[in-house]
Amino acid sequence: MAAMHSYSLLFCASAILFLPLSWAYAPLAGVTALSVKTSQGVDLSDFVDTPSSKGKKTMLVLGTYAADFNAIEYAQRLRYYMPELQKRGISKIGLVLNCEPDAAKKLVDLVDLPCDVEEGYGVTLMVDPQGSAGRAFGVGKGWRPDDSDMSPYLKLFGMLFGLGAWATLPAVIGGYIGNPFKPQPWIEDAIAVGQRKGRWPNTALVLDEGSGKIVTNKFTELPVVGSWPRRPLELATLRLQNMLDISIKNWKELAPNEDELKAGVLTQLGGCIVCDDKGSALFEWKDPGICAVANFEDILEKIPIE
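Just so you know, these numbers come straight off a predicted model, no measurement behind them.

### Quick look at the nonpolar core
Move 1: Grouped together as the largest cluster of nonpolar side chains are 62 residues, with contacts concentrated most on Met59, Leu78, Leu85, Leu95, Leu107, Leu113 and Phe296.
Move 2: Among the elements that take part in this core, helix 3 (residues 69–87) stands out by supplying eight residues, more than any other.
Move 3: If we skip the residues at most four places from it in the chain, Leu78 touches Met59, Val61, Leu85, Ile93, Leu95, Leu113, Val123 and Phe296.
Move 4: In terms of nonpolar packing, the next biggest core, distinct from the first, is built from 17 residues, Val31, Val48, Val139 and Ile273 among them.

What follows is the structure, encoded as C-alpha cells:
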C-alpha cells in the first residue's frame, strides 16, 4: 500500500513538472484559425508559443470583422508600430480577423499593412469567420449576445451608446478632445495612408507631391492644443476617413455574411496578447468597447527594447 502511495505521488509530481510543456497559452489550447496565405489551419496556442528565429516574443491580435472600427485600427496600429515591436523582440505577429479570406486581404490592402512577407517581417494574416478564437480568448461579446431574436444591427446600435461595451463613448469622445499627456503617432501615419489613397477628409496633412511623405500636420498649427502629443480632432478625423472610405465604401466586400452574423461577430469585440517563448503572457488586453482597442504605447512601455 505504501509503495502504491509512493508511486502515485511520483506520478503526480511528474505530471506537475511537465504540465507547462503540454500546452502553451492555455485559453487558446486547441483553437485554430485559417492562414490566408496557405489556407491551412494554424494552432493559435502553438503560434504564440513559437517565436520566429529573429526574436523571442510573439504577438497575436484577435480582431473583429473586417469592416469594424476595431479591426481597422488594429491593422493601422500594427502597420505603424511594427518596427518598435521588433526592437523589443516581438518578431512574430499574427492578426486574426472574423471574416472570409478575401475580406481580410481587402482590409490589409486598404491600410497598407504588409502581411505574410517573410519570417521576422510583416504580419501573419489569419481568419476565423465564426469568431471562435476570440471567444476562447475571452473577448467581450457585446450587448445581449444570447438574444437570438434581436437584430444584430440593433445590438450594434445599442453598443454605440455603451450597452455591453462601456468604453465606447469615452473612446469616441477622446478622439475629439485629444490627449495632452500620451502620444499616438500612429494616427498621423494612418491619415497619410488614407490621403495617399484618395480618402476624405484629405486636408489634415500636407504631403510631398513626389514622395508622399508628410510635410505638415495642420493639427500642430492649432493654438495651444497644437503642441499636445495627441491633438483634438486628429483621431476623429482618421475615424471619419475609416468610416466613409473603408467601412461604408467597401461594406459589401468587408461585411459579415449571414452565418457570421448568426455567430455574433457583428457585436463581438477583440483583444491582443504578447507572449514570451514559453507561452507566458507579457501583455494582455480585451477591448472594453468599440474604438477602445489596445494602446500600443502601453505595450512599448511594458516591454523594454532588447
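### Considerations on empty space enclosed by the protein
To find leftover empty space, one rolls a probe the size of a water molecule over the atoms.
Move 1: Counted according to the given criterion, the structure contains one cavity of 30 Å³ or more.
Move 2: Space inside the largest cavity adds up to approximately 50 Å³.
Move 3: For the largest cavity, the full set of lining residues is Thr64, Asp68, Asn70, Leu156, Met159, Leu266, Thr267, Gln268, Leu269 and Ile290.

### What about the layout of surface pockets?
Move 1: Approximately 400 Å³ is the volume attributed to the largest pocket.
Move 2: Along the walls of the largest pocket sit 21 residues, with Ala171, Arg230, Cys291, Val293 and Asn295 positioned nearest its centre.
Move 3: Taken together, the elements giving at least two residues each to the lining of the largest pocket come down to helix 7 (168–177) and helix 9 (234–248).
Move 4: Ranked by residues supplied to the lining of the largest pocket, first place goes to helix 7 with four residues.
Move 5: Tallied by class, residues from the lining of the largest pocket come to eleven nonpolar, five polar and five charged.

### Here we look at the side chain of Arg239
Move 1: As for its position among the elements, Arg239 is in helix 9.
Move 2: One polar contact links the side chain of Arg239 to the main-chain carbonyl oxygen of Ala171, over a distance of 2.9 Å.
Move 3: If near-sequence neighbours (up to four positions away) are discounted, Arg239 is found in contact with Phe69, Glu73, Ala171, Val172, Gly175 and Cys291.

### What about the pattern of salt bridges?
Two side chains that carry opposite charge are able to pair once their charged atoms sit near each other.
Move 1: Throughout the structure, instances matching the rule amount to 15 salt bridges.
Move 2: Note that Arg239 is salt-bridged to Glu73, the shortest N-O span being 2.6 Å. On the criterion of sequence distance, the pair formed by Arg239 in helix 9 and Glu73 in helix 3 is long-range, its members being 166 residues apart.
Move 3: With a closest N to O distance of 2.9 Å, Asp189 and Arg79 form a salt bridge.

### So, the packing of aromatic side chains
Move 1: As enumerated under the stated definition, the model contains six aromatic pairs in all.
Move 2: Between Tyr25 and Phe137 the ring centres are 6.3 Å apart and the planes differ by 45°, which places this aromatic pair in the tilted class. Highlighted residues: Tyr25 in the loop between helix 1 (2–22) and strand 1 (32–35) and Phe137 in helix 5 (residues 132–137), separated in sequence by 112 residues.
Move 3: Between Phe157 and Phe161 the ring centres are 5.2 Å apart and the planes differ by 65°, which places this aromatic pair in the edge-to-face class.
Move 4: Looking at Phe161, the relative accessible area reads 53%, which means it is exposed.
Move 5: An aromatic cluster of at least three residues, connected via ring pairs, comprises Tyr74, Tyr80, Tyr81 and Phe296.
Move 6: Between the NZ or CZ atom of Lys92 and the centre of the ring of Phe47, over which it lies, the distance is 4.3 Å.
Move 7: For the cation-ring pair, Lys286 lies above Phe137, with the distance from its terminal atom to the ring centre recorded as 4.5 Å.

### What to know about the pairing of strand 3 (residues 57–62)
Move 1: Among the six residues that make up strand 3, six are buried, leaving the element largely enclosed by the rest of the structure.
Move 2: Across the two faces of strand 3 the burial is the same, with Lys57, Met59 and Val61 and Thr58, Leu60 and Leu62 all buried.
Move 3: As paired elements, strand 3 and strand 4 (residues 90–97) share six bridges and run parallel to each other. Looking across to strand 4, one finds that Thr58 is bridged to Lys92.
Move 4: As judged from the five bridges shared by strand 3 and strand 8 (residues 271–275), these two strands associate in the antiparallel manner.

### Focus on the side chain of Asn217
Move 1: Mapped onto the secondary structure, Asn217 falls in strand 7 (residues 214–217).
Move 2: Polar side-chain contacts of Asn217 include one of 2.9 Å to the side chain of Glu188.
Move 3: Among the polar contacts made by the side chain of Asn217, one reaches the side chain of Glu234 at a distance of 2.9 Å.
Move 4: Beyond its immediate chain neighbours, meaning those up to four positions away, Asn217 contacts Glu188, Ala204, Leu205, Arg231 and Glu234.

### Considering helix 3
Move 1: Over its 19 residues, helix 3 extends 27 Å from the first C-alpha to the last, a length consistent with the 27 Å expected when each residue adds 1.5 Å.
Move 2: What helix 3 keeps buried is the set Asn70, Ala71, Ile72, Glu73, Tyr74, Ala75, Gln76, Arg77, Leu78, Tyr81, Met82 and Leu85.
Move 3: Capping the start of helix 3 is the job of one residue whose side-chain oxygen sits 3.2 Å from the backbone nitrogen of Asn70: Asp68.
Move 4: Gly89 sits one or two residues past helix 3 and shows a positive phi near 80°.

Cut-offs and rules
Residues numbered from 1 in each chain as written. Predicted model: local features only at pLDDT ≥ 70, side-chain atom pairs only at ≥ 80, totals over all residues. Heavy atoms only, no water. Core = buried A, V, L, I, M, F, W, Y, C linked by side-chain atoms within 4.5 Å. Buried < 20%, exposed > 50% of the residue type's maximum accessible area, 1.4 Å probe, protein only. Helix = DSSP H or I, 4+ residues; strand = E, 2+ residues; numbered from the N terminus. Contact = heavy atoms within 4.5 Å. 1 Å grid on protein atoms, 1.4 Å probe; cavity = no way out; pocket = protein on both sides within 12 Å on 5 of 7 lines; lining within 4 Å. Points joined across faces, edges and corners; volume = space filled by probe spheres on them. Nonpolar A, V, L, I, M, F, W, Y, C, P; charged D, E, K, R; others polar. Polar contact = N/O pair within 3.5 Å; in protein donor to acceptor, adjacent residues only side chain to side chain. Salt bridge = Lys/Arg side-chain N within 4 Å of Asp/Glu carboxyl O. Phe/Tyr/Trp six-rings, centres within 6.5 Å; stacked < 30°, edge-to-face > 60°. Lys NZ or Arg CZ within 6 Å of the ring centre and 35° of its normal. Pairing = 2+ DSSP bridges. Expected span 1.5 Å × (residues − 1).

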